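Below are the chains, spelled out letter by letter.
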Amino acid sequence: MVKNMPAIVIFLLLLIWGGITAQAQQETLRPSSVGIYGNTTSLFQAPSPILNAFRDKKFIYPFYQYADLSIVSPQYNLSSNSYLRFRKVFNGEEESLDVYNLYLDFSNKANTYEMRVGRQINTESVNYVLMDGALARIRPIDGVELIAYGGYQVRKLQPDPEEPNESFGTYGVKLKTDAILGSMISVGYELYDADDFSSRQFINVSFNRVVPFTDYADIYGLAEIDVGEGNLGLLTAGIGVTVLRSLYLNLEYDTYNLDQDRDEFQLDPIFDLFSKGRMQQAKVGVKFVPTSYLVINGSYAFSHYDVPAGESTNGNIARLGFNFDFWQQIGLRAFQGFYFIEGADDNDYAVGMNTSLFENLTDEWQLEFAFAYAYYDKITNQDGNAFSYIIGSEYLVFRNLVMRTDLEFNTNPDFSKDVRVNLGLSYYFSRNL
């Protein structure tokens, strides 16, 4: 039973209001044909090495089947989408069918009212959440959008490894507008209502606009407040500046400290693993385009966080990448990247590089080569070199059928020799009914 009702009440009121305002808007013309489109992808990998909890090595032969299907009826403003994944390990007992999308979408002809019902990824919350429920959008006037949603996550029905520790409901409302100060502004309320412990309530505000009297700078921000804890859970503020026609600079500051009980929802499991307190991070990013055939990207991030609570440490992440398109006449493209990651102390770091080459032999056939190297030294007293080589081919068999083959070789301290073959087949279709 839901313990907090405000979001649900507002959600129902928005649905009623949306239905009323929809009748008052001018209709626009749309295509009148019913259609079906999507794709299916089959992927087989053999052999794939894994380590169990006792660090025993095992080779498995997994098979994946993906299916993405959409049906549209413009005449009745209806559409539906389903996205499924079936996984089977041939030499084991592992088998699963995961449903990521399975919803029906309705809108009026003026596109001032939209309703989506079923399993869907909610992109209107600060953290994307897979929910079984409904989401409504109404646009009563130009430049204003009201959103309300409500749904539930049954723990055992969620895809692995995204399965939460507890089942919970998620409800929220949001107001978006681009009619104030030439900005994109949103204000929202979120409720996470768990079955076995207290609910969590959050208020979030976002802002994005071009700096006044300029055409070369923009500022943005996002804040999330934990109402129950009285805590600023998340704050992001940044500015992007086009310094020169070919040089773009981005500066950003983040601070993050969500209620630790919130990890039951699996909203940020990676952060929960390494930090028990507030994390603060400063970032700088640069994009430089000196010529039409070269793009250079670089970034640096400095982090300060607690591991464990009350014991602070720093972290550094630096990246540099080059995208080459020198050889346009022969269809060859390349990428070269470098990175450095430093954690808690001198014995917690990684340095590496990666290279990719793409060659279009014909309009239907592309060859790929990738190489990656990393050296790491972890606080768990594990260190070593890791190498990876991949040679791949992507071939358009006929108009809607694409075949992909990869030969992969890896070597690292855990697996001195890891050779695997990846085979994939994708079929794309679109048809009027």
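These remarks concern the structure in this document. From a predicted model like this one, the values you see are computed outputs, not experimental measurements.

Our focus in this paragraph is the pairing of strand β9 (residues 144–153). Burial within β9 is extensive, with 9 of its 10 residues counted as buried. When strand β8 (residues 129–138) meets β9, the two strands line up antiparallel, connected through 7 bridges. Residue pairing across strands places Leu 135 opposite Tyr 149, the latter belonging to β9. As consecutive antiparallel partners, β8 and β9 are separated by 5 residues, and within that stretch Gly 143 has a phi angle of approximately 85°, a positive value. Examined bridge by bridge, β9 and strand β10 (residues 168–180) share 10 bridges and lie antiparallel to one another. By the bridge assignment, Gly 151 is partnered in β10 with Thr 170.

This part covers the nonpolar core. Core analysis: the biggest nonpolar cluster contains 6 residues, these being Tyr 113, Met 115, Ala 134, Ala 136, Ile 138 and Leu 146. Elements supplying a minimum of two residues to this core: β7 (113–122) and β8. The biggest single contributor to this core is β8, with 3 residues.

It is worth spelling out the packing of aromatic side chains at this point. Throughout the structure, instances matching the rule amount to 16 aromatic pairs. When the centroid spacing of 6.2 Å and the interplanar angle of 85° are considered together, the rings of Trp 365 and Tyr 395 count as edge-to-face. Highlighted residues: Trp 365 in strand β21 (residues 365–377) and Tyr 395 in strand β22 (residues 383–398), separated in sequence by 30 residues. On the basis of relative accessible area, Trp 365 is assigned to the partly exposed category, the value being 35%. Judged by centre distance (4.9 Å) and plane angle (45°), the rings of Tyr 373 and Phe 387 are tilted. Of the two residues, Tyr 373 is situated in strand β21 and Phe 387 in strand β22; the sequence distance between them amounts to 14 residues.

Right, let's get into a nonpolar patch on the surface. A grouping of Leu 361, Trp 365, Leu 367, Tyr 395, Val 397, Phe 398, Met 403, Leu 425 and Tyr 427 is seen on the molecular surface, where their side chains present a nonpolar patch of about 760 Å² in accessible area. Those elements that provide at least two residues to the nonpolar patch are β21, β22 and β24 (418–432).

Let us look at the environment of Phe 202. By the secondary structure assignment, Phe 202 is in strand β12 (residues 200–210). In this structure the C-alpha to C-alpha distance between Phe 202 and Leu 191, which are 11 residues apart in sequence, comes to 6.5 Å.

This brings us to unusual backbone geometry. Following Ala 46, the chain continues to Pro 47 via a peptide bond in cis, the omega torsion being -20°. Here Pro 47 lies in the loop between β1 (35–46) and β2 (48–51). Even without being a glycine, Asn 77 presents a positive backbone phi close to 55°. Mapped onto the secondary structure, Asn 77 falls in the loop between β4 (62–73) and β5 (78–89).

What follows is about the pairing of β10. As judged from the 11 bridges shared by β10 and strand β11 (residues 183–194), these two strands associate in the antiparallel manner. Residue pairing for β11: Val 173 is matched across the bridge by Tyr 189. Hairpin geometry of β10 and β11 is characterised by an intervening segment of 2 residues between the two adjacent antiparallel strands and by a positive phi of about 55° at Leu 181.

What follows deals with the pattern of salt bridges. Pairs can form between side chains of opposite charge once their charged atoms are near each other. Counting across every chain of the model gives 18 salt bridges. In this structure, the salt-bridge partner of Asp 105 is Arg 116, at a minimum N-O distance of 2.9 Å. Here Asp 105 is found in strand β6 (residues 95–107), whereas its partner Arg 116 is found in strand β7, with 11 residues between them in sequence. Take Arg 116: its relative accessible area is 24%, and that puts it in the partly exposed class. Between Asp 254 and Lys 283 there is a salt bridge whose closest N-O contact spans 3.8 Å. Of this pair, Asp 254 sits in strand β15 (residues 247–256) while Lys 283 sits in strand β16 (residues 279–291), placing them 29 residues apart in sequence.

What counts, and where the lines are drawn
Residues numbered from 1 in each chain as written. Predicted model: local features only at pLDDT ≥ 70, side-chain atom pairs only at ≥ 80, totals over all residues. Heavy atoms only, no water. Buried < 20%, exposed > 50% of the residue type's maximum accessible area, 1.4 Å probe, protein only. Helix = DSSP H or I, 4+ residues; strand = E, 2+ residues; numbered from the N terminus. Pairing = 2+ DSSP bridges. Core = buried A, V, L, I, M, F, W, Y, C linked by side-chain atoms within 4.5 Å. Phe/Tyr/Trp six-rings, centres within 6.5 Å; stacked < 30°, edge-to-face > 60°. Patch = residues over 30% accessible without salt bridge, like charges linked within 9 Å, V, L, I, M, F, W, Y side chains within 5 Å. Areas by Shrake-Rupley, 256 points an atom, 1.4 Å probe, with all protein chains shown as cover. Salt bridge = Lys/Arg side-chain N within 4 Å of Asp/Glu carboxyl O.

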